[in-house]
Structures are given as structure tokens and as C-alpha cells.
Amino acid sequence: MKGKMTERKIGLIVLIVLILLFAGLYISLIFNRNIWTDEAYTMELVRENHFWGIIQNTANDVHPPLYYLIVKCFVLLFGDTFLVYKAVSIIPMVLTMLLAVSHIRPWWGERAAVLFLIMVNAIPCVLEYVVQMRMYSWALFFVTWAGLSAYGMCMKEDKRIGKCCCIQLTAASLLGCYTHTYAMLSCVCIYMLLCVCVLLQCRKRKNWILLKVSLISGSTVAVCYLPWLVILLRQTMSRIENYWIEPVTWEVIRKYPDFLFASRLPGSAVLYLVLCGAAVLVCINRCRKKSDGDWEGLTALMMLAVPLLTALIGIVVSVLVTPFFIARYLLPCMGLFALFLALAFQGKREYVQILIGIFGLFMVLESYQKNIEMEYHSTHTEELLAYMEEHLEPEDLIAYNFEIYGFIYNIYFEDRVTFLNDVDFAGDFSSIWYFDSCVTPWLDAQVLEQNGLEKEFVMTTGIEQNEFQLYQIRHKE
């Protein structure tokens, strides 16, 4: 007994150390001002609207409003800075990792919790997207929390635990539904699987209370989501044959694993698929040899079923209605995928767990190096901002000719930015800093001559993935 208590304490220490380590890695990726188009949209929406305005604008977009409302709360509390926006995305990832301590460790033990922690951070797409100013990390947390709560509600005979898990399942699912549409679909899948398991249990025990409670929980979520469901249907209908997602073909489907699991390590996506296949075989074997009370194999397969069913629904809708699904929308399910791997291998021999843990940690380091480059070295943004901070005078203007990037430039320079066609070259200014993306409209040399202006090339630079030629336009001496 004493040895077991010591092992549990050591396991808890390892979990805490891993959580702090991974949280530190994520935090180290947010000290930059490098953002992409969707992140700029997040900042624009939050900066320019109060809470009701955010809800109204998201009703005309394709995502629910909860994430943006959360960001708005943090911005009001801590200030409108890049660091605050990025930090909001780190918080749910830390909460997801804490589920290893609050849920996974008590139910399946330290080894399963450690494997979960490593594998959820080892999935390459997770490390990339959870530091971005988007809703994916929050959706991942809510879906993972919902999946664990469904298990606790279904498998734990303690009524107190079951009641607590039912409340958690309802809350997590509702929050997930209002965070991302595919998080909503994943929660629907969780309820479907829960009802199947509960129905089988109730028929065996001749007690239907758990099924009634499950239906009440699902109905509560459905009723609370109904107002947004109407909006979702309207959004869907308005975007039929008018959306940026390419048609879902077999070739597109084959690329899904690459998006989720590929890295600079050759064959990493294949390794994940092999690992997944091995885990499925292990779970099936455990189900065949299952003794009473041993549900880990079946539970693991249920966790895997959530991303598979979510993908299946997305593909079917995309084929039958209009393309609405990409691999990125499986990010909310990656916590349950990691839990599937952890449960599948937590009962295997120690050396197997060590090998999987080493593989996972190696993938974390590989993904981290890639994301360091993406966040800090993949664009000219910091170079441009440093130059402009040094040379931009109060009377200066900034002009650009790539119209669709105007709102991104506005994030960095606010009211100093003007589209080229709207610039008054006869106005009162010291200099015009011109971002020439080599697209129409072109700067008319005759206009410069008529206003006694000349332009001087400064450097090739850019913001996001848009490179442009920076010119300084000023009056001739």
C-alpha cells in the first residue's frame, strides 16, 4: 500500500512537471506580432464591437460567437495587445492538460494520464493551432471535457460522480456548440455514443434512469442551442455553392492524415496511422477478453469513434450539399484521439509505454521547432514594424494597393492606413509609406509628378504571407 501511494505521488509530480513544461512551450510561442488573416479578423471583430455587436457579426459569419466573447472579456480586463489575444488561446490548452489530473488519473491511473498529456501535445496540428487567435483550443477543451464527462456518467456507478458528470457533460457540450460548428457535431456524436452505451446498460440492469438523465441532458443542450441552430441553417443555405472550401474528393480525403499528423520528420503521418491501427487491434483484443468491469478497450474505441463520426458527417454534408469540411475542423476532437491512444496502451508492458512516450516527446520537440520558425521567422512582419516604428512620423500616411489586406494593415497601423485610390496626394503630409504588392491599382507616376512628389525604394518586406515593395513618397526638395 505504501509503495502504491509513493507511485501515485511520483505520478502526480510527473504530471505537474509535464503540464508546466508544455505550458511553457506554448507561452514561448506568443511573444510576437505575427498573425494571419483569420487572426486579424478576430482582432478586428473584437476591437470594433461590443458584446452584442460581436454576436450580430458572427451571425453573418460561419462560426458561433462564444470564443470572440471570451476574448472580448480578456481584452477589457487586461488590455488590447497581441500578447493578450494570443494568451487567451493558451488557457484552454492548460485546462485540457489539467483534465489529466482531475479526470484521467483518478479513473485510469497515472500512466494513462501521462500518455494522454504527451500524445495530446505530440499531434503536430495541435501545437500549431492552439497558439493562434482562433477558437480551436477552446473547442478542443470543451469536446475533450464532454467526452470524459460522458464516460464518467455512463461507467461510474457512484451516483454522486454520475450527477456531477452529467452537469459537466451538459455544460461542456453547450459551450462547445457555441464555440465551433464541428465541435457541436462532435458533441452530438458523443451523445449518440453515450445513448447507445446507456441503452445497453439499462436493458441489462432493467433500470432506465440513466437513459432518462442522458436524454434530459441532451435535450437541454439542444434547446439552449436552438436559437443559434436557426442562424446556422441560414448561414449554411447562404453559402451553398458559394464557399472557399474545395470539393471533397477521394484525393482530398487522403490528405487529411497529412494535415493532422505530418511534420518535417519523413513518414510521421504514416507512423501515426500505424500507431492508431495497432491501438485499434489492442482495443479489439481487450474487448474480446473483457472481464466484468474492464471497459477500457471499448471506451478507447468510443473515443476514436468521435473524430471518425465527425469526419464522416462533414464529408457526407460536403458531398451531398456543398463543401463545408476540411481536416482542420477535426482539431476539436484531437484530445479524444490522444485519450484513445493513452487508454489503448496504458495496459501494455512498460517498455511499450516508454517507446510511445519517447516518440511523443520527439514529435513535440519537432513540432515546437517548426512553430518557432513559423511564429518568429517565417514573415517580415517584425522587421517591417521595427523599421516603421523608427521612421514613421506623426504626419506620415501609409498607402497600400492590395485591397483585401487593408483590414490586416489596419490591425498594425490603425487609422494611418489608406487604400491607394483614396489617397489625397495634394494633402498635408510629410511622407507616404507605400506598400506595393505588385497588383492593381498601380501608382500613377504622372500623379506624383503633378504633385511634386517622388518615390524611393526602401526594401522588400511584408506582413503575413504578403510580400510587398516598401517605398517612401515625399516632396521633391
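What counts and what doesn't
- Residues numbered from 1 in each chain as written.
- Predicted model: local features only at pLDDT ≥ 70, side-chain atom pairs only at ≥ 80, totals over all residues.
- Heavy atoms only, no water.
- 1 Å grid on protein atoms, 1.4 Å probe; cavity = no way out; pocket = protein on both sides within 12 Å on 5 of 7 lines; lining within 4 Å.
- Points joined across faces, edges and corners; volume = space filled by probe spheres on them.
- Helix = DSSP H or I, 4+ residues; strand = E, 2+ residues; numbered from the N terminus.
- Nonpolar A, V, L, I, M, F, W, Y, C, P; charged D, E, K, R; others polar.
- Phe/Tyr/Trp six-rings, centres within 6.5 Å; stacked < 30°, edge-to-face > 60°.
- Buried < 20%, exposed > 50% of the residue type's maximum accessible area, 1.4 Å probe, protein only.
- Lys NZ or Arg CZ within 6 Å of the ring centre and 35° of its normal.
- Axes fitted to C-alpha atoms, helices over the stretch in contact; angles between N-to-C directions.
- Parallel < 35°, antiparallel > 145°, perpendicular 65-115°, else oblique.
- Contact = heavy atoms within 4.5 Å.
- Core = buried A, V, L, I, M, F, W, Y, C linked by side-chain atoms within 4.5 Å.
- Pairing = 2+ DSSP bridges.
- Salt bridge = Lys/Arg side-chain N within 4 Å of Asp/Glu carboxyl O.
- Expected span 1.5 Å × (residues − 1).

S.K.: Can you tell me about empty space enclosed by the protein, naming the residues and giving the values?
M.R.: Under the defined criterion, the tally for this structure stands at two cavities of 30 Å³ or more. Put simply, the largest cavity is a space of about 190 Å³. Lining the largest cavity are 14 residues, with Gly147, Ala150, Tyr151, Met302 and Met303 sitting closest to its centre. Put simply, the parts of the chain that give the lining of the largest cavity at least two residues each are α8 (136-155), α10 (181-205) and α15 (296-320). Per-class residue counts for the lining of the largest cavity are 12 nonpolar, two polar and no charged. What the second largest cavity holds in volume is close to 30 Å³. As for the second largest cavity, its lining consists of Asn34, Glu375, Tyr376, His377, Thr379, Thr381 and Glu382. Counting residues per element, the ones that place at least two in the lining of the second largest cavity are α17 (350-376) and α18 (381-391). Considered class by class, the residues forming the lining of the second largest cavity number one nonpolar, four polar and two charged.

S.K.: Can you lay out the packing of aromatic side chains for me, pointing to particular residues and giving the numbers?
M.R.: Going through the model one piece at a time under the given rule, you end up with 33 aromatic pairs. For the ring pair Tyr178 and Tyr225, a centre distance of 5.4 Å and an interplane angle of 70° mean the geometry is edge-to-face. Of the two residues, Tyr178 is situated in the loop between α9 (159-177) and α10 and Tyr225 in helix α11 (residues 209-238); the sequence distance between them amounts to 47 residues. An identical accessibility class is assigned to Tyr178 and Tyr225; each is buried. Note on Tyr400 and Tyr409: the rings are 5.3 Å apart at their centroids and 70° apart in plane angle, and the pair reads as edge-to-face. Pair check on accessibility: Tyr400 and Tyr409 agree, each one buried. A network of ring pairs unites the aromatic residues Phe82, Tyr400, Phe402, Tyr405, Tyr409, Tyr412, Phe413, Phe419, Phe435 and Phe468 as a single cluster. One residue, Lys455, lies across the ring of Tyr471, its end atom 4.3 Å from the ring centre.

S.K.: Please set out the packing of helix α3 (residues 51-59) against α11 residue by residue, giving values where relevant.
M.R.: In a packed pair of helices, the relevant descriptors are the angle between the two axes and the axis-to-axis distance. Across the interface, α3 lies against α11 with an axial gap of 10 Å and an inter-helix angle of 40°. In terms of orientation, α3 and α11 fall into the oblique class. Facing Ile55, Thr58 and Ala59 of α3, the residues of α11 in contact are Trp228, Ile231, Arg234 and Gln235. Among the residues making up the contact of α3 with α11, the classes are represented as four nonpolar, two polar and one charged.

S.K.: Any chance you could break down the nonpolar core for me, citing the residues and the numbers?
M.R.: Core analysis: the largest hydrophobic core is formed by 157 residues, its most contacted members being Tyr26, Val126, Met334, Phe340 and Phe345. Among residues more than four places away in sequence, those in contact with Phe340 are Cys276, Ala279, Val280, Cys283, Ala300, Leu301, Met303 and Leu304. Counting 12 residues, the second largest nonpolar core, distinct from the first, contains Phe425, Phe429, Leu443 and Leu453.

S.K.: How would you summarise the sheet that holds strand β2 (residues 417-419) if you had to cite specific residues and measurements?
M.R.: In spatial order, the strands read β2-β1-β3-β5-β4; together these five strands make up an open sheet with mixed pairing. On the outer flanks of this sheet lie β2 and β4 (453-463), each paired with one strand and no other. Averaged over neighbouring strand pairs, the angle between their axes works out to 25° when direction is ignored. Sheet contacts for α18: β1 (397-400), β3 (431-436), β4 and β5 (466-475); angle to β4, the most-contacted strand, approximately 145°.

S.K.: Kindly report on the pattern of salt bridges, identifying the contributing residues and their values.
M.R.: Should the charged atoms of two oppositely charged side chains come close, the side chains can pair. Under the defined criterion, the tally for this structure stands at 12 salt bridges. The partner of Glu373 in a salt bridge is Arg264, and the shortest N-O contact between them spans 3.2 Å. In this pair, Glu373 is assigned in helix α17 and Arg264 in the loop between α13 (256-261) and α14 (268-288), connecting sequence segments 109 residues apart. You can call Glu373 partly exposed: its relative accessible area is 41%. A residue is classified by how much of its surface remains accessible, and Arg264, at 41% relative accessible area, is partly exposed.

S.K.: A description of helix α4 (residues 66-78) should follow, citing residues and the corresponding values.
M.R.: A rise of 1.5 Å per residue sets the reference length of α4, with its 13 residues, at 18 Å; its end C-alpha atoms lie 18 Å apart and thus fit the reference within 8%. Taken residue by residue, α4 has Leu66, Tyr67, Tyr68, Leu69, Ile70, Val71, Lys72 and Val75 as its buried positions. Along its buried surface, α4 packs onto α2 (37-48), α3, α5 (82-108), α8 and α9. Of the residues flanking the end of α4, it is Gly79, one or two places downstream, whose phi is positive at about 105°.

S.K.: Summarise unusual backbone geometry; cite the residues concerned and give the values.
M.R.: Outside of glycine, negative phi angles account for most residues, and trans bonds account for most peptide bonds. For the bond from Thr440 to Pro441, the omega torsion is 0°, close enough to zero to count as cis. Checked against the element boundaries, Pro441 lands in the loop between β3 and α20 (445-450). Although it is not a glycine, Glu414 sits at a positive phi angle of roughly 55°. Summarising the element assignment, Glu414 is placed in the loop between α19 (406-413) and β2. Classification of Glu414 as partly exposed rests on a relative accessible area of 48%. With a phi close to 60°, Cys438 is a non-glycine residue in the positive phi region. Residue placement: Cys438 occurs in the loop between β3 and α20. Its relative accessible area of 46% is what places Cys438 among the partly exposed residues.

Function-wise, these values are silent; they only describe arrangement.
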